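# Summary of the model geometry
The residues making up each chain are set out below.
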Amino acid sequence: MAAKRSLSLLVPLIGLAIYSQASYLWKLIGRVDIDQPRLVRWENSTALNNHDCEVIRAANACEDVKIHFPSQTAFLACGDPLERTHWYPCAGVRTVKLRAESSFREQLFKYDAKTGQTTALELHGLQGDFVTHGLDILPLPEDPSKIHIFAVNHARDGDSIAIFVHELGSSAAQLVKNVKHPAIKTANGVAATGPLSFFVTNDHYAASGPLRVLEEQYGPFTWSSDVQHCDAHSEDVSCKQVGGGTFPNANGINLWQDRLFVGDARNGTVTVFEIHPDKTLTKLRVVDVGAGADNINILPTTGDPIIAVFPTLEDLPTYLDNVKSLGKEFLVPAAALRLDHTNDYAPELIYFDDGSVVSFMTAVAVDPVDGFLIVSGILQYGGFAVCKVPPDAFARISPQP
Ligand SMILES: *[C@@H]1O[C@H](CO)[C@@H](O)[C@H](O)[C@H]1NC(C)=O
Ligand SMILES: *[C@@H]1O[C@H](CO)[C@@H](O)[C@H](O)[C@H]1NC(C)=O
């Protein structure tokens, strides 16, 4: 509420800042001045763990991936690259009438690492649009044969988190609840905390309108994005902002035991929080990862976060103009980092590719035991790839001094 009130006081200042372009006025309204060289720390890296990859063409535009390790199955949230260039509100494109009506039903896929098979999940029970973005999975404690899948849904009538139940081994998912709340407004990433509760990032302040245009043209602002914890057990969904404030561009989110990790795609950081039993957070540290940080997975053997990062400065308008040739003639370099929790979460490169495997890569998940990575990209035809890595690639528990 406080943020909303102070924001309305800022409106005249915003006009003045745009008119005068005075930097002190921009600062006053919270524009974040990002030192661009800080975001290209990994730009000259050499190829790493990308030599034995197979691009999977059964699915396209997979923004996020999570692996269910006991069943060696990956779950992916995918969509339609070209239709996303017309309407995909999280990417700042909102011309509804250009997007084909049938394309408002995007898909979840599973990839079985034992057989190499990719299967679209039949989705039951969800009315209306399903346009995907971040996702998470949660094994159900009382029944290990089932998981809940949490999927960010950008519907034309607003964002939601669609929670499905999926029986492992089946090719269907049944809606449990489509969670809507005014605080779920520009959803990006989701991290489950229980069968019907989750953390969610909002990557902008406004979903549309002049304030959103301001954010896209002049942002990020300190007040642009936030983290919410939502509980949907009862009919009245409750959400509360957590994390002690706002972020320039909160994006990927994931947790390990009582640690929560939030990536910032514009400021190039990962913030590490302690999660308390009531889901409030204490900020432990802000790790400068040297690149825009997107989705986060967890290395299951150590609990280290694995972050998909943009090793070069993100240029979304150009990627949108080139979706058909992304990963083919038009390459966007891709990298992933592991943050070593035994060494103050120091970032370490674990994947680097010139973009020939997956360009504009937004997620990486690691299976260190079976020795493979799954890398995926939000706009590419051939939405994900499976990369075999040496079995000892992730064997090291802590770095040698
Ligand atoms: C990468 O290489 C280019 C060309 O040599 C150089 O200008 C740039 O500073 C390098 N970037 C980093 C982060 O070292
Ligand atoms: C952006 O990242 C830098 C480097 O870690 C940090 O010092 C700064 O506080 C961040 N800015 C905001 C607005 O969060």
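Residues numbered from 1 in each chain as written. Chains lettered and ligands numbered in written order. Predicted model: local features only at pLDDT ≥ 70, side-chain atom pairs only at ≥ 80, totals over all residues.

### Digging into the overall build of the protein
The helix and strand tally for the protein stands at five helices and 27 strands. In terms of principal-axis extent, the alpha carbons of the protein reach across some 60 × 50 × 45 Å. The proportion of buried residues among the 401 residues of the protein is 49%. A separation of at least 24 residues holds for 58% of the contacts in the protein among residues at least 6 apart in sequence. (Helix = DSSP H or I, 4+ residues; strand = E, 2+ residues; numbered from the N terminus. Buried ≥ 20, exposed ≤ 12 C-beta atoms within 10 Å, placed from the backbone. Contact = placed C-beta atoms within 7 Å.)

### Here we look at the site of ligand 1
Neighbouring ligand 1 are Val40, Arg41, Glu43 and Asn44. Residues that form the shell around ligand 1 fall into these classes: one nonpolar, one polar and two charged. (Near = placed C-beta within 6 Å. Nonpolar A, V, L, I, M, F, W, Y, C, P; charged D, E, K, R; others polar.)

### What about the site of ligand 2?
As a matter of local geometry, ligand 2 sits amid Val32, Thr222, Pro248, Asn267, Thr269, Val286 and Asp288. For the shell around ligand 2, the residue count by class is three nonpolar, three polar and one charged.

### Topic: the sheet that holds strand E9 (residues 132–140)
Ordered by their spatial adjacency, five strands build an open sheet running E8-E12-E11-E10-E9, and the pairing between neighbours is mixed. Each having just a single partner strand, strand E8 (122–124) and E9 make up the two edges of the open sheet. The sheet shows a mean angle of 30 degrees between the axes of neighbouring strands, taken without regard to direction. Two strands pair when backbone bridges link them, and E8 and strand E12 (residues 172–179) are joined in this way by three bridges, in the parallel orientation. Across the sheet, residue Glu122 finds its bridge partner in E12, namely Ala172. (Pairing = 2+ DSSP bridges. Axes fitted to C-alpha atoms, helices over the stretch in contact; angles between N-to-C directions.)

### Some thoughts on the sheet that holds strand E23 (residues 334–340)
Pairing is antiparallel across the open sheet formed by four strands, whose spatial order is E21-E22-E23-E24. With one partner strand each, in any of the chains shown, strand E21 (292–298) and strand E24 (346–353) form the two edges of the open sheet. Between one strand axis and the next, the sheet turns by 30 degrees as a mean value, whatever way the strands run.

### What to know about the domain arrangement of the protein
Per the domain assignment, the segments making up the protein are domain 1 (1–31) and domain 2 (41–388). Spacing between the C-alpha centres of domain 1 and domain 2 amounts to 31 Å. Each side of the interface is counted separately: domain 1 has six residues, and domain 2 has six residues. Looking at the side of domain 1 that touches domain 2, its residues break down into four nonpolar, one polar and one charged. (Domains from an automatic or database assignment.)

### Some points on unusual backbone geometry
For the bond running from Gly219 to Pro220, omega is 5 degrees, close enough to zero to count as cis. Mapping Pro220 onto the fold places it in the loop between helix H4 (209–218) and strand E15 (225–231). With a phi angle near 50 degrees, Gln72 is a residue other than glycine that sits in the positive phi range. Its identity as a non-glycine residue notwithstanding, Asp344 has a phi of 55 degrees, on the positive side. With respect to the helices and strands, Asp344 occurs in the loop between E23 and E24. Judged by local crowding, Asp344 falls into the exposed class, with 10 C-beta atoms found within 10 Å.

### What to know about the nonpolar core
Counting residues in each nonpolar core, the largest one holds 109 residues, and the members touching the most others are Leu76, Ile161, Ile307, Val309, Val364, Ile374 and Val375. Setting aside chain neighbours within four positions, we find Val364 in contact with Asn297, Ile306, Ala308, Ala336, Tyr351, Leu373 and Val375. Grouped together as the second largest cluster of nonpolar side chains are seven residues, Ile14, Ala17, Phe221 and Trp223 included. (Core = buried A, V, L, I, M, F, W, Y, C linked by C-beta atoms within 7 Å.)

### Some thoughts on the pairing of strand E19 (residues 269–275)
Among the seven residues of E19, six are classified as buried, and the element is accordingly described as predominantly covered. Examined bridge by bridge, strand E18 (residues 259–264) and E19 share six bridges and lie antiparallel to one another. Of the residues in E19, the one forming a bridge with Asp264 is Thr269. Hairpin connection of E18 to E19: four residues between the antiparallel strands, including Gly268 at a positive phi of 65 degrees. Pairing analysis gives seven bridges linking E19 to strand E20 (residues 281–288), with the strands arranged antiparallel. Looking across to E20, one finds that Val270 is bridged to Val287. Counted along the chain from E19 to the antiparallel partner E20, the turn is five residues long, and its residue Lys279 has a positive phi close to 70 degrees.

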